[in-house]
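Each chain, written out:
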Amino acid sequence: MNVNHLFDLSGRTALVTGSSRGLGRAMAEGLAAAGAVIILNGADKGRLDEAVAALTAAGYNARGLRFDVTDEAAVIAAFEMLDAEGVEVDILVNNAGIQFRRPMLDLETSDWRRVIDTNLTSAFVIGREAARRMARRGRGKVINIGSLTSELARATVAPYTVAKGGIKMLTKAMAAEWGELGIQANAIGPGYMLTDMNQALIDNPTFDAWVKGRTPARRWGRPDELAGTCVYLASAASDYVSGQIIYVDGGMISML
Ligand code: GCO
C-alpha cells in the first residue's frame, strides 16, 4: 500500500487567512510544498505582497487576496471575485487571529468584541462562504485554528480563551452539518509557538521558564511544526476524520 498519494495536494487550492506571517504563513508553505495552489490573505498590503513574493521565489504557486476578516462585505466580495475568475477554494484554513491581554476587571466591551469578531465570528463567516461553494462540488476541507485555550484558561486573555473555546465547538458544528456535503472540518490547537504575537511572552524570562517547565518537550514550538498536521487535515488522508481538534503542543495539554 502506497500512502504518499494520500497527502498529495496537487490540483487543490487553499485559502489561508492571516497568512502574511506567523503560523498562517508556515501552514501556507506546508500546503504549497504538498502541491496546493495558495491564496494568502492579510489586511496589510505591504506584508501580504512580501509573503506572496517569498513563496513565489521559493517556487510555489501563490497569490494574495487582501481583505479584513471582520468585514463581512469584503469577505463576500473576495469570494465573488474568485467565483468570477473560476477559482475554487478546496481547502480553507481559518487562521487569522489577534491577541489582547488585559485582566477582565479592566477589559472594555469593545476590546472583547474585537477579539471575538476576529478570532471566532470570522471563522463562521468565511467558513460559510467557502462551504456554500464546496457543497456544490461535494467536497472540501475546513481547518480552524484553536489553541490550548480551547480547553484551558489563562489569566489576562479571556476574550481569546472564549473565542478559541468557541472555535472547538464551531468545528464540531461544521462537522455535524457539513459531513453529508462531503466537507470535513477539523481544528489544530497549537501550543506555545515562536511567533511575533507571542514575542512579549518569549522575551519575559518568567513566562519563558513557565512554558518550558509546563511543556513535556521542554521548548517552544516552531511555526513550521504545524505544517504536517495541516497537510494531513487538508488531504485525502483525513477523509473520514471530522470534528476533531489536534493539539500540536509538545504534549503540554496532557501534563498537569
Ligand atoms: C497568550 C498567547 C496564546 C498562546 C496560546 C497557546 O497570550 O496566551 O499568546 O495565544 O500562544 O494560548 O495555544
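What you see is a predicted model, and the numbers here were worked out from it, not measured in a lab.

Engineer: Explain the overall build of the protein chain here, please?
Structural biologist: Of the regular secondary structure elements, the protein chain holds eight helices and seven strands. Computed over the C-alpha atoms, the radius of gyration of the protein chain is 18 Å, within 12% of the 18 Å expected from 2.2 N^0.38 for a compact globule of 256 residues. Along the first, second and third principal axes, the C-alpha set of the protein chain runs to 50 × 45 × 40 Å. Residue burial in the protein chain is summarised as follows: out of 256 residues, 49% are buried.

Engineer: Help me understand empty space enclosed by the protein in this model?
Structural biologist: Here the idea is plain: a probe the size of a water molecule rolls over the atoms and shows the empty space left. Counted by the stated rule, this structure contains one cavity of 30 Å³ or more. Considered as a void within the structure, the largest cavity measures approximately 30 Å³ in volume. As for the largest cavity, its lining consists of Asn94, Ala96, Thr118, Asn119, Ser122, Ala123, Ile145, Lys164 and Ile167. Within the residue set of the lining of the largest cavity, elements represented by two or more residues are helix H4 (109-137) and helix H5 (158-178). Considering each element in turn, the lining of the largest cavity owes the most residues, four residues, to H4. When grouped by side-chain class, the residues that make up the lining of the largest cavity number four nonpolar, four polar and one charged.

Engineer: Could you clarify how one ought to interpret the nonpolar core in this entry?
Structural biologist: General note: in soluble globular proteins, nonpolar side chains tend to be found buried as a group. Of all hydrophobic cores here, the largest spans 29 residues; its most connected members are Leu31, Ile38, Val93, Ile143 and Ile188. Counting residues per element, the ones that place at least two in this core are strand S1 (13-16), helix H1 (22-33), strand S2 (37-42), helix H2 (45-57), strand S4 (91-94), strand S5 (140-145) and helix H8 (227-234). Sorting elements by how many residues they give to this core places H1 first, with five residues. Residue contacts for leucine 31: discarding those within four places in its chain leaves Leu9, Ala14, Val16, Ala36, Ile38, Ile91, Val93, Cys230, Val231 and Ala234. Counting 28 residues, the second-largest nonpolar core is a separate cluster that includes Phe67, Val75, Ala123 and Met134.

Engineer: Looking at this structure, I do not really get the confidence of the model for the protein chain. What am I missing?
Structural biologist: Where the model shows low pLDDT, its predicted coordinates should not be examined in detail. On average, residues of the protein chain score 98 in pLDDT, and 100% of them reach the 70 mark or higher. This prediction of the complex comes with two scores: 0.98 for pTM and 0.91 for ipTM.

Engineer: Explain the pairing of S2 here, please?
Structural biologist: Each regular strand displays side chains that alternate between the two surfaces of the sheet. Of all six residues in S2, five are buried, a share of seventy percent or more. Taken together, the four bridges between S1 and S2 define a ladder with parallel strand orientation. Along S2, the bridge assignment pairs alanine 14 with isoleucine 38. Each parallel crossover has a hand, and the one from S1 via H1 to S2 is right-handed.

Engineer: How do you make sense of the site of the ligand when you look at a structure like this?
Structural biologist: Neighbouring the ligand are 14 residues, the closest being Arg101, Ser147, Arg154, Pro190 and Asn198. Interatomic distance of 3.1 Å between a side-chain N/O atom of glutamine 99 and an oxygen atom of the ligand. In the model, an oxygen atom of the ligand is placed 2.5 Å from a nitrogen or oxygen of the asparagine 198 side chain. Isolated, the ligand exposes 340 Å² of accessible area, and the fraction of that covered by the protein chains is 98%. For the ligand, the cavity whose grid points lie within 2 Å of the majority of its atoms is the largest pocket.

Engineer: What should I look at first to understand the pattern of salt bridges in this one?
Structural biologist: Close approach of charged atoms allows side chains of opposite charge to pair. Inspection of the entire model under this criterion finds 20 salt bridges. Ionic pairing is found between arginine 63 and glutamate 85, a salt bridge with its closest N-O pair at 2.8 Å. One end of the pair, arginine 63, is in strand S3 (residues 62-66); the other, glutamate 85, is in helix H3 (residues 72-85), with 22 residues separating them in the sequence. Residue glutamate 85 is classed as partly exposed on the basis of its relative accessible area, which comes to 43%. Across the pair glutamate 151 and lysine 168 runs a salt bridge, and its minimum N-O distance is 3.3 Å. Separated by 17 residues along the polypeptide, glutamate 151 in the loop between S5 and H5 and lysine 168 in helix H5 bring together distant segments of the chain. Glutamate 151 sits in the partly exposed class, given a relative accessible area of 38%.

Engineer: Before we go on, may I ask you to explain the side chain of threonine 118 in this structure?
Structural biologist: Locating threonine 118 in the fold gives a position in helix H4. Look past the residues within four positions of threonine 118 in its chain and what remains in contact with it is Val69, Thr70, Ala96, Gly97 and Ile98.

Engineer: I'm lost on the pairing of strand S6 (residues 183-190) in this one. Help?
Structural biologist: A large share of S6 lies buried, amounting to eight of its eight residues. Side chains of S6 alternate between two faces, with Ile183, Ala185, Ala187 and Gly189 and Gln184, Asn186, Ile188 and Pro190 buried alike. Across six bridges, the pairing between S5 and S6 is parallel. Bridge pairing links valine 142 to alanine 185 in S6. With four bridges joining them, S6 and strand S7 (residues 245-248) adopt parallel strand pairing. Across the sheet, alanine 187 pairs through a bridge with isoleucine 245, a residue of S7.

Calculation criteria
Residues numbered from 1 in each chain as written. Predicted model: local features only at pLDDT ≥ 70, side-chain atom pairs only at ≥ 80, totals over all residues. Heavy atoms only, no water. Helix = DSSP H or I, 4+ residues; strand = E, 2+ residues; numbered from the N terminus. Rg over C-alpha atoms; globule rule 2.2 N^0.38 Å. Buried < 20%, exposed > 50% of the residue type's maximum accessible area, 1.4 Å probe, protein only. 1 Å grid on protein atoms, 1.4 Å probe; cavity = no way out; pocket = protein on both sides within 12 Å on 5 of 7 lines; lining within 4 Å. Points joined across faces, edges and corners; volume = space filled by probe spheres on them. Nonpolar A, V, L, I, M, F, W, Y, C, P; charged D, E, K, R; others polar. Core = buried A, V, L, I, M, F, W, Y, C linked by side-chain atoms within 4.5 Å. Contact = heavy atoms within 4.5 Å. pLDDT = per-residue confidence, 0-100. Pairing = 2+ DSSP bridges. Right-handed = clockwise from strand over helix to strand, strands pointing away. Near = heavy atom within 4 Å. Polar contact = N/O pair within 3.5 Å; in protein donor to acceptor, adjacent residues only side chain to side chain. Areas by Shrake-Rupley, 256 points an atom, 1.4 Å probe, with all protein chains shown as cover. Sits in = over half its atoms within 2 Å of the grid points. Salt bridge = Lys/Arg side-chain N within 4 Å of Asp/Glu carboxyl O.

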